[in-house]
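Here is how the chains run, residue by residue.
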Amino acid sequence: MTRRLAEVAKKVGVSEATVSRVLNGKPGVSEATREAVLTALDVLGYERPTQLRGDRARLVGLVLPELQNPIFPAFAEVVGGALAQQGFTSLLCTRTVGGVSEADYVDLLLQQQVSGVVFAGGFYAQADAPHQHYELIQERKLPTVLVNAAVDHLGFPQVSSDDYVAAEMAIGHLRALGHRRIGMVLGPRDHIPSRRKLEAFLAAEEADPGLVEHTMFSLEGGHAAATKLVNSGVTGIVCASDILALGAIRAVRRAGLSVPDEVSVIGYDDSAMMNCTDPPLTTVRQPIDAMGRAAVDMLVALIERAAVPADELLFEPELVVRASTARARI
């Protein structure tokens, strides 16, 4: 007990006596200090006293699929900072292959009595993935916001980059450079953002459905998919992520061709360091700062019991032209 008091007091920057007063429900402690002590208990992994367990912690779960793709750490930084400004602490939960699943994290966050959850890149974006843990969140009425496109039936507020417009921008850029044989590398077939990008691709003039490849979101997946497109004679490739685009560039070079002189490649996200690749990557930027702050604003409104409709806010992406695209050879 003494060790717990000391750790919590050090974390919050108050005396052990103040922590003791909070834990025993005694007066003489400001509400802000009380909340800080309870949050420190949660962060350090200690159980709250029984009489205090009815209070939700000022903790928010941030559930991400991975940290290897640089877009996710960047998003976590934005959301974590915005939450801190609102007086909340974020708990980062990252799925691992063969390890802790998204459903496991949901159980953990419910046990920790978090105030809410922000999901980015979760199973909600895959039509064929399990969704029971989202239904559990709905049953518990836990404030939740999803980032980017989701399946239709979940009923949570969403903050998304407009995938259809992003694909239009990329395809339009390549066509303006004279490319007509354009291929597309997308995520899995049940991935909702990829479906939206595919819809835009198929609506484009001279689109060839045979020049679409689905793969996993990885460098290796981009390489394998782009190899098929290069063998089909494409001069431009639009990818559903920057990581896929880097794999596509590797595939073009392995085929003995040059980027962008013989094949142009466009990514999506504008992840960190994409201006430092060889060549610097032309991509479509997700407005993660605006999206992250909007997601936090919506979540805090839900936590404060404001009426937030289960709608999708669409944010406009931005084409960032660098050196991986060039005019098609005649």
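- An unreviewed UniProt entry annotates the protein as LacI family transcriptional regulator originating from Kribbella sindirgiensis.

## Topic: the overall build of the protein
Then, number 1: Helix and strand content of the protein: eleven helices and twelve strands.
Then, number 2: Taken over the C-alpha atoms alone, the protein extends approximately 80 × 35 × 35 Å along its principal axes.
Then, number 3: Counting across all 330 residues of the protein, residues that qualify as buried make up 51%.
Then, number 4: Put simply, of all contacts in the protein between residues at least 6 apart along the chain, 70% involve residues at least 24 apart.
Then, number 5: Positive and negative side-chain charges in the protein, numbering 31 and 39 respectively, have mean positions lying 5 Å apart.

## Notes on unusual backbone geometry
Then, number 1: Here the bond from V259 into P260 is cis, since omega is 10°, no more than 30 degrees from zero.
Then, number 2: With respect to the secondary-structure elements, P260 resides in the loop between α10 (242-254) and β9 (264-269).
Then, number 3: Omega for the bond connecting D278 with P279 falls within 30 degrees of zero, at -5°, which places this linkage in the cis form.
Then, number 4: Following the sequence through the fold, P279 ends up in the loop between β9 and β10 (282-285).

## Topic: the layout of surface pockets
Then, number 1: In this structure, the largest pocket encloses a volume near 1,000 Å³.
Then, number 2: For the largest pocket, the lining is made up of 42 residues, of which P65, E66, F72, G121 and F217 are closest to its centre.
Then, number 3: Among the residues making up the lining of the largest pocket, the classes are represented as 22 nonpolar, 14 polar and six charged.
Then, number 4: Shared between two domains, the lining of the largest pocket takes at least three residues from each, and those domains are domain 2 (56-161 + 288-315) and domain 3 (163-285).

## Section: the sheet that holds strand β5 (residues 158-161)
Then, number 1: Read from one edge of the open sheet, six strands run β2-β1-β3-β4-β5-β11, paired in parallel fashion. The sheet is open, and its two borders are formed by β2 (89-94) and β11 (312-315), each paired with just one other strand. In this sheet, adjacent strand axes meet at a mean angle of 20° when their direction is disregarded.
Then, number 2: Note: strand β4 (residues 144-147) against β5, two bridges, orientation parallel. Each bridged residue has a counterpart across the sheet, and for L146 the counterpart in β5 is Q158.

## Some points on the side chain of D242
Then, number 1: Structurally, D242 is set in helix α10.
Then, number 2: Side-chain polar atoms of D242 contact the backbone nitrogen of D270, separated by 2.8 Å.
Then, number 3: Excluding anything up to four places from it in sequence, D242 contacts G267, Y268, D269, D270, S271, M274, L281 and T283.

## A few points about the nonpolar core
Then, number 1: Judged by nonpolar contacts, the single largest core of 48 residues is most densely connected at F75, F119, Y124, V147 and V159.
Then, number 2: When residues of this core are traced back to their parent elements, those giving at least two are β1 (59-64), α4 (71-85), α5 (102-111), β3 (116-120), α6 (132-140), β4 and α11 (288-303).
Then, number 3: Residues within four places of V147 in sequence aside, it is in contact with F75, V118, F119, A120, G121, Y124, V159, M291 and A295.
Then, number 4: Counting residues in each nonpolar core, the second largest holds 36 residues, with I171, I237, C239 and I249 among its members.

## Comments concerning the sheet that holds strand β6 (residues 182-186)
Then, number 1: Taken together, six strands build an open sheet; the order of strands is β7-β6-β8-β9-β10-β12 and the sheet is mixed. The sheet is open, and its two borders are formed by β7 (212-214) and β12 (318-320), each paired with just one other strand. Strand-to-strand twist in this sheet, taken as the mean axis angle between neighbours without regard to direction, amounts to 20°.
Then, number 2: As defined by bridge partners, β6 adjoins strand β8 (residues 236-239) across four bridges and the pair is classed as parallel. From the neighbouring strand, V185 faces β8, where its bridge partner is C239.
Then, number 3: Lying on the sheet, helix α9 (residues 219-231) is in contact with β6, β7 and β8; it crosses β6 at an angle near 165°.

## A short note on the domain arrangement of the protein
Then, number 1: When its domains are assigned, the protein resolves into domain 1 (4-54), domain 2 (56-161 + 288-315) and domain 3 (163-285).
Then, number 2: Spacing between the C-alpha centres of domain 1 and domain 3 amounts to 52 Å.

About the criteria used
Counting from 1, residues in each chain are numbered in the order their sequence is written. In view of the model being predicted, local features appear only for residues whose pLDDT reaches at least 70, and side-chain atom pairs are presented and counted only at 80 or more, with totals across whole chains, interfaces and linings using the full set of residues. As a convention, hydrogens and water are excluded, and side-chain values are obtained from all of the structure's heavy atoms. Helix numbers and strand numbers start at the N terminus; a helix is a DSSP run of H or I with at least 4 residues, a strand a run of E with at least 2. Partly exposed residues are those whose accessible area sits between 20% and 50% of the maximum for their type, while under 20% is buried and over 50% is exposed, using a 1.4 Å probe and protein chains only. Only heavy atoms enter the contact rule, under which two residues are in contact if any of them lie within 4.5 Å. Note on charges: Lys and Arg go in the positive column, Asp and Glu in the negative column, and His and the chain ends are not counted at all. The atom standing in for a charge is NZ when the residue is Lys, CZ when it is Arg, CG when it is Asp and CD when it is Glu. Two kinds of site are reported from a 1 Å grid over the protein atoms alone, namely cavities, where a 1.4 Å probe fits but cannot get out, and pockets, open sets with protein on both sides within 12 Å along at least five of seven lines, and residues are called lining when an atom falls within 4 Å of a point. Grid points are joined across faces, edges and corners, and a volume is the space filled by probe spheres set on the points. Following the grouping adopted for this structure description, the nonpolar residues are Ala, Val, Leu, Ile, Met, Phe, Trp, Tyr, Cys and Pro, the charged ones are Asp, Glu, Lys and Arg, and the polar ones are all others, Gly among them. An automatic or database domain assignment provides the domain bounds reported here. Here, a strand pair is defined by DSSP locating no fewer than two bridges between the strands. Axis definition: a line fitted to C-alpha atoms, limited for helices to the stretch in contact. Angles are taken between N-to-C directions and run from 0 to 180 degrees. Any pair of nitrogen or oxygen atoms within 3.5 Å is treated as a polar contact; in protein, a donor-acceptor pairing is required on top of that, and neighbouring residues in sequence qualify only through side-chain atoms on both sides. As used in this record, nonpolar core signifies buried Ala, Val, Leu, Ile, Met, Phe, Trp, Tyr and Cys residues forming a set joined through side-chain atoms within 4.5 Å.

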